[in-house]
Amino acid sequence: MVQPNPVPVQRPAWQLALQNAVRDPAELLRELALPPSLAGSGPRGLAFPLRVPRSYVGRMRKGDPHDPLLRQVLITAAEEQRVAGFSADPVGDLRAMTVPGLLHKYHGRALLLTTGTCAIHCRYCFRRHFPYQETKAADPGWEAALAYIAADPTIAEIILSGGDPLTLSDPKLAALVSRLERLPGLKRLRIHTRLPIVLPERVTPELVALLGETRLKSVVVVHANHPQELDGGQVRQALLALTATGSSILNQTVLLAGINDQADTLARLSEALFDHGVLPYYLHSLDPVQGAAHFRVSDQEARRIVQSLRRRLPGYLVPRLVREVAGEEAKHPL
């Protein structure tokens, strides 16, 4: 008897978009009508390659080498500069890893490295050198991490990070949340993700249902650095869908030279975030990761920018200026 052909499994649109991301600097520059000489190369560039979703490329301005979205992702020769004080583990993640995949830095909460995969490779990423494979940080079963959380009654909040936790499929993410829900001491689930901004297709009905149904109070912390990232279309729909789950939606921004180091830019970002249902949360001083020194903004200039924001925005739209310092018990306010 002839067996019928199995029905092919349809992959979600966001997974296809992720698979189709731009990975070649020359292709990216061609798409933007820019000369190939703008891109740098070298060992670090190859170890942390280009990756950028095409929908994000579509928000870049053609012919503009200073486009603020392009500057966040394009590999340049500046990454090869060795600068004192910039290291491969700038915030002490390796020292804070209690068991494979779990960072326990602060009282009452712990961070689970769910995956080493991101949808976009931001050139200032503080984990761009993190040894996920060597440390077994992204263990598919997370067994040791879950056992550690269960054994510590002081942990009330778990933070899903990576990589980006939303690069996990909906079934895998749901299975992880289900296991976390069984830990009686946990009260809150926090997800740190860039995908709703750079790949808004990832906010699926299944993800929305998961966040709306979990017994854990959910907090989604997205990451937008510039108002141009908020396109008013798919991104807006994705963020409003997350808001409708009852989750608290916050944003963290990294202060980056030549990208958002102007009070006017950050004020427009805060206003746009609020229009999308998101509250500004943190404005991070650049983590001193090797290869990103060209993005550094001085503390003096950062404080001046925030003072200007306070003069022009209501307090709830002014993000807190902070720095993460390895070994400290909380984020350090500047």
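So, here is what we can say about the structure in this document. Counting restarts for each chain, with residues numbered from 1 along the sequence as it is written. Selection of residues for local features in this predicted model requires a pLDDT of at least 70, selection of side-chain atom pairs for listing and counting requires 80 or more, and totals for whole chains, interfaces and linings are taken over all residues. Hydrogens are left out, water is left out, and the side-chain values use all remaining heavy atoms of the structure.

1. A look at the overall build of the protein
- The secondary structure listing takes helices from DSSP runs of H or I that are at least 4 residues long and strands from runs of E that are at least 2 residues long, numbered from the N terminus. Across its full length, the protein carries 14 helices and 10 strands.
- Relative to the 2.2 N^0.38 estimate, which gives 20 Å for 334 residues, the radius of gyration of the protein is 20 Å and therefore close to what a compact globule would have.
- When the backbone C-alpha atoms are referred to their principal axes, the protein occupies close to 60 × 60 × 40 Å.
- Relative accessibility thresholds used throughout: buried, under 20% of the residue-type maximum; exposed, over 50%; partly exposed, between the two (1.4 Å probe, protein chains only). Taken over 334 residues, the protein has a buried fraction of 54%.
- The contact definition used throughout considers only heavy atoms, calling two residues in contact when any of these lie within 4.5 Å. Counting contacts in the protein only where the partners sit at least 6 residues apart, residues at least 24 apart contribute 82% of the total.
- In short, Shrake-Rupley with a 1.4 Å probe defines the accessible areas, and a residue's cover is counted only from the protein chains shown. Accessible area of the protein: about 15000 Å², with a carbon and sulfur share of 55%.
- Once the 39 positive and 32 negative side-chain charges of the protein are each reduced to a mean point, those two points are 2 Å apart. For this measure, only C-alpha atoms enter the radius of gyration; the expected value for a globule follows 2.2 Å times N^0.38, where N is the number of residues. Neither His nor the chain ends is counted toward charge; the positive residues are Lys and Arg and the negative residues Asp and Glu. To locate a charge, the coordinates of NZ of Lys, CZ of Arg, CG of Asp or CD of Glu are taken.

2. Focus: the pattern of salt bridges
- Salt bridges, as used here, are contacts in which a Lys or Arg side-chain nitrogen is within 4 Å of a carboxyl oxygen on Asp or Glu. Applying the stated criterion across every chain, the model contains 19 salt bridges.
- Where Arg-61 meets Asp-64, a salt bridge forms, and the shortest distance between an N and an O atom there is 2.9 Å.
- Since its relative accessible area comes to 17%, Asp-64 is described here as buried.
- The partner of Glu-229 in a salt bridge is Arg-194, and the shortest N-O contact between them spans 2.9 Å. Here Arg-194 lies in the loop between β5 (188–192) and α10 (195–198) and Glu-229 lies in the loop between β6 (217–223) and α12 (234–243), a separation of 35 residues in the sequence. Comparing Glu-229 with Arg-194, the two get one shared label, buried.
- Three or more residues are tied together by salt bridges with common partners; here these are Asp-93, Lys-105, Arg-127, Glu-324 and Lys-331.

3. Thoughts on the pairing of β5
- Among the five residues of β5, four are classified as buried, and the element is accordingly described as predominantly covered.
- Where strand β4 (residues 157–161) lies against β5, four bridges are found, and the strand directions are parallel. In the sheet register, Ile-159 faces β5, and the bridge partner there is Arg-190.
- Between the parallel pair β4 and β5, the chain is carried across by helix α9 (residues 170–181), and the sense of this crossover is right-handed.
- Strands qualify as paired when DSSP identifies two bridges or more between them. As defined by bridge partners, β5 adjoins β6 across five bridges and the pair is classed as parallel. Note that in β6 the partner of Arg-188 across the bridge is Lys-217. Handedness rule for crossovers: strands pointing away from the viewer, path from the first strand over the helix to the second running clockwise, crossover right-handed.

4. Some remarks on the packing of helix α13 (residues 263–275) against helix α14 (residues 299–312)
- Lines fitted to the C-alpha atoms define the axes, with helices restricted to the stretch that makes contact. Angles between their N-to-C directions range from 0 to 180 degrees. It is the contact of α13 with α14, at a shortest axis distance of 9 Å, that shows an interaxial angle of 50 degrees. With respect to each other, α13 and α14 are oriented oblique. In this structure, α13 meets α14 at a crossing whose hand is right-handed. Contact with α13, carried on its side by Ala-263, Asp-264, Leu-266 and Ala-267, involves Ile-305, Ser-308, Leu-309 and Arg-312 of α14 and no other residues of that element.
- As a working rule, the residues Ala, Val, Leu, Ile, Met, Phe, Trp, Tyr, Cys and Pro are called nonpolar, Asp, Glu, Lys and Arg charged, and the rest polar, with Gly in that last group. In the contact of α13 with α14, the residues fall into five nonpolar, one polar and two charged. Small angles under 35 degrees read as roughly parallel and large ones over 145 as roughly antiparallel, with 65 to 115 read as roughly perpendicular and the rest as oblique. In this scheme the crossing of two helices becomes right-handed for a clockwise turn of the near helix relative to the far one and left-handed for an anticlockwise turn of less than a right angle.

5. Re α12
- Of all the positions in α12, only Val-235, Ala-238, Leu-239 and Leu-242 are classed as buried. Burial along α12 is one-sided: seen end-on, the buried residues are contained in an arc of 95 degrees.
- Packing partners of the buried residues in α12 comprise α10, α11 (205–213), β6 and β7 (248–254). Here the arc refers to the directions that run from the helix axis out to each C-beta atom.

6. Some details on the pairing of strand β8 (residues 279–284)
- Within β8, five of the six residues are buried, which leaves the element mostly enclosed by the surrounding structure.
- Read from β7 through α13 to β8, the crossover connection turns out right-handed.
- Sheet topology places β8 next to strand β9 (residues 320–323); three bridges connect them, and they run parallel. The partner of His-284 across the bridge, within β9, is Val-322.
- Crossover handedness for the path β8 to α14 to β9: right-handed.

7. Topic: the sheet that holds β4
- Pairing is mixed across the open sheet formed by 10 strands, whose spatial order is β1-β2-β3-β4-β5-β6-β7-β8-β9-β10. The two strands at the open ends of the sheet, each matched to only one other strand, are β1 (97–99) and β10 (332–333).
- Judged from the five bridges that link them, strand β3 (residues 109–113) and β4 form a sheet pairing that is parallel. Bridge pairing in β4 links Ala-110 to Ile-158.

8. A look at the nonpolar core
- In these notes, a set of buried Ala, Val, Leu, Ile, Met, Phe, Trp, Tyr and Cys residues joined through side-chain atoms within 4.5 Å is what counts as a nonpolar core. Leu-28, Val-52, Met-60, Ile-158, Leu-160, Leu-180 and Leu-230 are the most contacted members of the largest nonpolar core, which totals 88 residues.
- Take this core: its biggest share by element is six residues, from α13.
- If you look at the next biggest cluster of nonpolar residues, it comprises nine residues, including Ala-96, Met-97, Phe-130 and Ala-137.

9. Considering the environment of Leu-286
- Along the chain, Leu-286 falls in the loop between β8 and α14.
- Assessed through its relative accessible area of 8%, Leu-286 is described here as buried.
- Put simply, Leu-286 and Arg-323 are 37 residues apart on the chain and 7.5 Å apart in space, counted from C-alpha to C-alpha.

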